Amino acid sequence: MAKILMKGNEAIGEGAVRAGCRYFFGYPITPQSELPHYLAKRLPEVGGLYLQAESEVASINMVFGAAGAGARVMTSSSGPGISLMQEGISYLAGAELPCVIVNMIRGGPGLGNIAPAQSDYFQATRGGGHGDYRVLVLAPSSVQEIIDLMQDAFDLADKYRNPVMLAGDGVLGQMMEPVILDDEIKPPSLPEKSWAATGRMGRDRKNLINSLYIVPENCEIHNLELGRKYAAMEESEQRWEDYHTEGAEMVLVAFGTAARVCKAVVDMFREEGRPVGLLRPITLWPFPWKRVSALADSVRCFLTVEMNMGQMVEDIRLAVNGKRPVRFYGRVGGMLPVARDVYREALKILDGGAD
Amino acid sequence: MKKVFTRPKSLKDMPFHYCPGCTHGIVHRLVAEVIDEMGIFDRAIAVAPVGCSVFCYEYFDCDAYQASHGRAPAVATGIKRVLPDRVVFTYQGDGDMAAIGTGEVVHAAARGEKFTVIFINNAIYAMTGGQMAPTTLLGQVTTTTPYGRSREVNGCPVRMSEMLSVLDGSAYIARVSVHDPPNVARAKRAIRKAFEVQEAGLGFTMVEVLSSCPTNWGLSPLKALKWLEENMIPYYPLGEYKKPAEVG
Amino acid sequence: MPRVTFREERCKGCELCKHFCPKGIIEMAGHINAMGFHPATVVDAESCTGCATCARMCPDIVIEVEKEEKKVG
């Protein structure tokens, strides 16, 4: 075991290599550039391939081809580039292809800016492209968690034959933190992919990577099958972290960078002896509604803190289902929530009566 | 008795959905014959486009992919980079490859991706109802150029073979036609060469096939072939635009 | 004598085989097939040389051609 300092974007790359990913197709965009820089150097060392595409549209379709051929493959981008990839992500979901897509979210809409944001929550958790589909979305909040989640991201993609998205932002990508890495890189053990279209090579049946179901009856069956898969993911894959939620009067809900700020806020309250906790969703989809719903039986109110105009708050309200008030505090456009401001906002709600 | 002409094994035994006289069927057959004759069926991978020929993934009995509109060259890039010893080909129409997918094919050619594009140029969007394609000829009437394609409004038709042949990454680029038996034979030879150049790892390969669309041109199958010969070939000259020295 | 066989149910009546047959021995039948087309048929099988031009121009792979094997030596 070695403890080293690593940048978040580089940790994504190293995590991917250690998870057995050997193919990266991407197009430059800020603020995720250190990741392609890292992999352009790192992948050839392990016999892999880094290929710079002519656009995000091409990148995601190269991912489609490589995933269909059975490879562990990924791409990364940020807001505008992820928007361009949405058609391809829909095709990947429709054809049930595993891959990992990293979105280091920046300020929007439009060109917005390159500062950290969480404004792509809706896009990530509602499918994002056309048609009825879901992408499993993981939201790390530290560099170590990035490394750990990359392995899970690829494993979950293969397990469900579904795209998995890692949602971060410029803060997570740029910051350096100590991480613990195994000295030895284990050779990747990949599940057998008997469905991959690799050329028949003596196989007695043909494999087809496809999302077209021209007969409505068949397309309905396909959608119902996908629906069952998403239901299984909702059942088994909800992940979250509880931070001092025990006996909490108020629970803050925040993910990623915003959750780091909220931990400081919880610490401030706890130092004063006030029972405030944090629930940090690690999967944004499936959203950890089981935990939110359970907390709604005991807490007085929720305050969601997001780097957007209020997106995850809708999922919290769905999970709370009217049982408790759910308040929202957000900073947008690349601005970060500051612990002191969140504290003040929370205090106002607590002392003013949550209802 | 010996069969001198029969259905190639690489084509699944099922009827094509194409309109009467549509030359997609001829080109499908030529590609399948080349796969059979080269003995590469087990290593062949087809990438289907969006358009009339989307179902070619059913017809070619090898492993296949259905790509999003215009992106077949990107999908083929992903496949071939993972499986470099396979024979990968895309089958794309002019709307798919020369309009929405221009970026993907140009950059695949520029990178010298080692797969083959079978490019069907019939000067029209057929599946969606006969709209103007980038390859529609000046003056040609389509459902979106009811007064004929105008240079002022729509610009001029795109010559893809000429365009792609100037890129250093392309190795074999040919334009052929299937309007009569001698040209069908030439088309097959070009497809075979393209696959051989791909196998030799020499770079990007494309065969542009001038094809007819009797339904959307509003002509009988025979008159459509005549129209192709008289109108398309003068604008889209046939020939090998690029070939490596290794290929005779 | 060469034998040319038409898979009638697959014929869409496009007439390309009829047009390109160098012997002019292909005609469209009077009846219609299951798809509603007048299928192509050979009217003078004796004159067929087995050149397979019809088959090579058929977009629907309707036609199969057989020939006597040449005895060598």
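It should be emphasised that the depicted structure is a prediction, and the values quoted were computed from it without experimental measurement.

## Quick look at the arrangement of the chains
Most contacts, compared over the two pairs of chains touching, are made between chains A and B. Between chain A and chain C there is no contact, and the shortest C-alpha to C-alpha distance separating them is 20 Å.

## Here's the deal with the sheet that holds strand β4 (residues 73-77) of chain A
Residues and elements named next belong to chain A. On the basis of which strands lie adjacent, the open sheet formed by seven strands has the order β3-β2-β4-β5-β7-β6-β13 and mixed pairing. Edge positions in the sheet fall to β3 (49-52) and β13 (283-285), since each of these pairs with one other strand and no more. Taking each pair of neighbouring strands and ignoring which way they run, the sheet shows an average axis angle of 20°. Relative to strand β7 (residues 163-169), strand β5 (residues 99-105) is paired through seven bridges, and the arrangement is parallel. Pairing of M104 across the sheet is with G168, part of β7.

## A word on the pairing of strand β3 (residues 63-66) of chain B
Burial along β3 of chain B is two-sided: D63 and Y65 of chain B facing one way and A64 and Q66 of chain B facing the other are all buried. Examined bridge by bridge, strand β9 (residues 208-209) of chain A and β3 of chain B share two bridges and lie parallel to one another. Along β3 of chain B, the bridge assignment pairs I209 of chain A with Y65 of chain B. With four bridges connecting them, strand β2 (residues 44-48) of chain B and β3 of chain B associate as parallel partners. What sits directly across from A48 of chain B, in β3 of chain B, is Q66 of chain B.

## A few points about the packing of helix α1 (residues 24-38) of chain B against helix α8 (residues 181-199) of chain B
Residues and elements named next belong to chain B. The N-to-C vectors of α1 and α8 enclose an angle of 50°; their axes lie 9 Å apart at closest approach. Judged by the inter-axis angle, α1 sits oblique to α8. Where α1 crosses over α8, the handedness of that crossing is right-handed. For the pair α1 and α8, contact is made by I26, R29, L30, V31, E33, V34, I35, E37 and M38 and by V184, A187, K188, I191, R192, F195, E196 and E199, respectively. Split by residue class, the contact of α1 with α8 holds ten nonpolar, no polar and seven charged.

## Re the domain arrangement of chain A
Residues and elements named next belong to chain A. According to the domain assignment, chain A contains domain 1 (2-236) and domain 2 (240-352). Computed over C-alpha atoms, the centres of domain 1 and domain 2 are 28 Å apart. Every contact between the two is made by 32 residues of domain 1 and, on the other side, 27 residues of domain 2. Interface area lost by domain 1 to domain 2 is led by Q118, Y121 and E234, which between them contribute 30%. At the boundary of domain 1 with domain 2, the tally comes to four salt bridges. The shortest N-O distance in the salt bridge between R126 and D315 comes to 2.8 Å. Across the contact surface, domain 1 and domain 2 share 19 residue pairs in polar contact (both at pLDDT 80 or more). Listing elements by their share of the side of domain 1 that touches domain 2, those giving two or more residues are α5 (121-125), β6 (136-138), α6 (143-160), β7, α7 (170-174) and α8 (216-236). The element that contributes the greatest number of residues to the side of domain 1 that touches domain 2 is α8, accounting for four residues. Here the side of domain 1 that touches domain 2 is composed, by residue class, of 18 nonpolar, six polar and eight charged.

## Details of the packing of helix α3 (residues 56-68) of chain A against helix α3 (residues 72-82) of chain B
Helices that pack against each other are described as a pair by the angle of their axes relative to one another and the distance between those axes. As a packed pair, α3 of chain A and α3 of chain B sit with axes 6 Å apart at the nearest point and diverge in direction by 45°. For the element pair α3 of chain A / α3 of chain B, the angle class is oblique. When the axes of α3 of chain A and α3 of chain B are compared, the crossing they make is right-handed. Contacts from A58, N61, M62, F64, G65 and A66 of chain A in α3 of chain A reach A74, V75, T77, G78, I79 and V82 of chain B in α3 of chain B. Residues of the contact of α3 of chain A with α3 of chain B, tallied by class, amount to eight nonpolar, four polar and no charged.

## Describing helix α5 (residues 102-111) of chain B
Residue and element names in this part refer to chain B. Within the span of α5, buried status applies to E104, V105, A108 and A109. Looking down the long axis of α5, one finds its buried residues gathered within 125° of arc, a one-sided arrangement. Positive backbone phi, at 70°, marks G112, one or two positions downstream of α5.

## Topic: the environment of P140 of chain A
All names here are of chain A. Looking at the secondary structure, you find P140 in the loop between β6 and α6. Under the relative-accessibility criterion, P140 is labelled buried at 1%. For the pair P140 and D169, spaced 29 residues apart in the sequence, the C-alpha separation amounts to 9.9 Å. Beyond its immediate chain neighbours, meaning those up to four positions away, P140 contacts E145, I146, L149, L166, A167, L172, G256 and R280.

The rules behind each value
- Residues numbered from 1 in each chain as written.
- Chains lettered and ligands numbered in written order.
- Predicted model: local features only at pLDDT ≥ 70, side-chain atom pairs only at ≥ 80, totals over all residues.
- Heavy atoms only, no water.
- Contact = heavy atoms within 4.5 Å.
- Pairing = 2+ DSSP bridges.
- Helix = DSSP H or I, 4+ residues; strand = E, 2+ residues; numbered from the N terminus.
- Axes fitted to C-alpha atoms, helices over the stretch in contact; angles between N-to-C directions.
- Buried < 20%, exposed > 50% of the residue type's maximum accessible area, 1.4 Å probe, protein only.
- Parallel < 35°, antiparallel > 145°, perpendicular 65-115°, else oblique.
- Left-handed = near helix turned anticlockwise from the far one by under 90°.
- Nonpolar A, V, L, I, M, F, W, Y, C, P; charged D, E, K, R; others polar.
- Domains from an automatic or database assignment.
- Buried area = accessible area lost by both parts, 1.4 Å probe.
- Salt bridge = Lys/Arg side-chain N within 4 Å of Asp/Glu carboxyl O.
- Polar contact = N/O pair within 3.5 Å; in protein donor to acceptor, adjacent residues only side chain to side chain.
- Arc of directions from axis to C-beta.

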